[in-house]
Amino acid sequence: MAKGLIRYWAAARAAAGVAEEPYDAATLGEALTAAAAGRGDEFQRVLARCSFLVDGDPAGTRDPASVLLPDGATVEVLPPFAGG
């Protein structure tokens, strides 16, 4: 298992109720599942619309269960942004 930090932005931060939290997971999928535990449906709806960066690299359309997390990595949870 890798340990690192999840950072939430904008609507993801509001739904999570925190700006960041630690994770202990081998994959992005495991980290997101653990983050969702105990949080309501709104958090799940927001996560479904988010994109994810792992140490600045986009996870893209890959299955989160296939995205390995290195120890000490930072996961950025980015909801869609309006404007530009």
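Look above for the structure.
Residue indices begin from 1 for each chain and proceed along its sequence in written order. Note on the predicted model: pLDDT of at least 70 is required for a residue's local features to be given, and 80 or more for side-chain atom pairs to be given and counted; whole-chain, interface and lining totals, by contrast, use all residues. Computation of side-chain values covers all heavy atoms of the structure but excludes hydrogens and water.

A.B. asks: Explain the overall build of the protein here, please?
C.D. replies: A run of DSSP states H or I qualifies as a helix once it reaches four residues; a run of E qualifies as a strand once it reaches two. Both are numbered from the N-terminal end. A count of helical and extended segments in the protein gives 3 helices and 5 strands. In sequence order, the secondary structure elements of the protein are arranged as β-α-β-α-α-β-β-β. Based on C-alpha atoms, the radius of gyration is set beside the globule rule, defined as 2.2 Å times the residue count to the power 0.38. Taken against the 2.2 N^0.38 rule, which gives 12 Å for 84 residues, the C-alpha radius of gyration of the protein at 12 Å falls within 12% of a compact globule. Summarising its shape, the C-alpha atoms of the protein cover approximately 35 × 30 × 20 Å along the three principal directions. Split by element, the accessible area of the protein, about 4800 Å² in all, is 56% carbon and sulfur. Between the centroid of the 7 positive side chains of the protein and the centroid of its 11 negative side chains there is a distance of 6 Å. Per-residue and other accessible areas follow the Shrake-Rupley method at a 1.4 Å probe size, with only the shown protein chains counted as cover for residues. Residues counted as positive are Lys and Arg, residues counted as negative are Asp and Glu, and His and the chain ends are not counted. Here the site of a charge means NZ on Lys, CZ on Arg, CG on Asp, or CD on Glu.

A.B. asks: Just to check I follow, could you spell out the pairing of strand S5 (residues 74–78) for this structure?
C.D. replies: Walk down a regular strand and you will see the side chains alternate between the two sheet faces. Classification of residues uses two cut-offs on accessible area relative to the type maximum, computed with a 1.4 Å probe and protein chains only: under 20% is buried, over 50% is exposed, and between them is partly exposed. Most of S5 is tucked away: 5 of the 5 residues are buried. Alternating residues of S5 divide into Thr-74, Glu-76 and Leu-78 and Val-75 and Val-77, and every residue in both groups is buried. With 4 bridges joining them, strand S1 (residues 2–8) and S5 adopt parallel strand pairing. Bridge pairing in S5 places Arg-7 opposite Glu-76. The sheet contact formed by strand S3 (residues 51–54) and S5 spans 4 bridges and is antiparallel. Opposite Leu-53, over in S5, you have Glu-76 as the bridge partner. Strand pairing is defined by DSSP finding a minimum of two bridges between the two strands.

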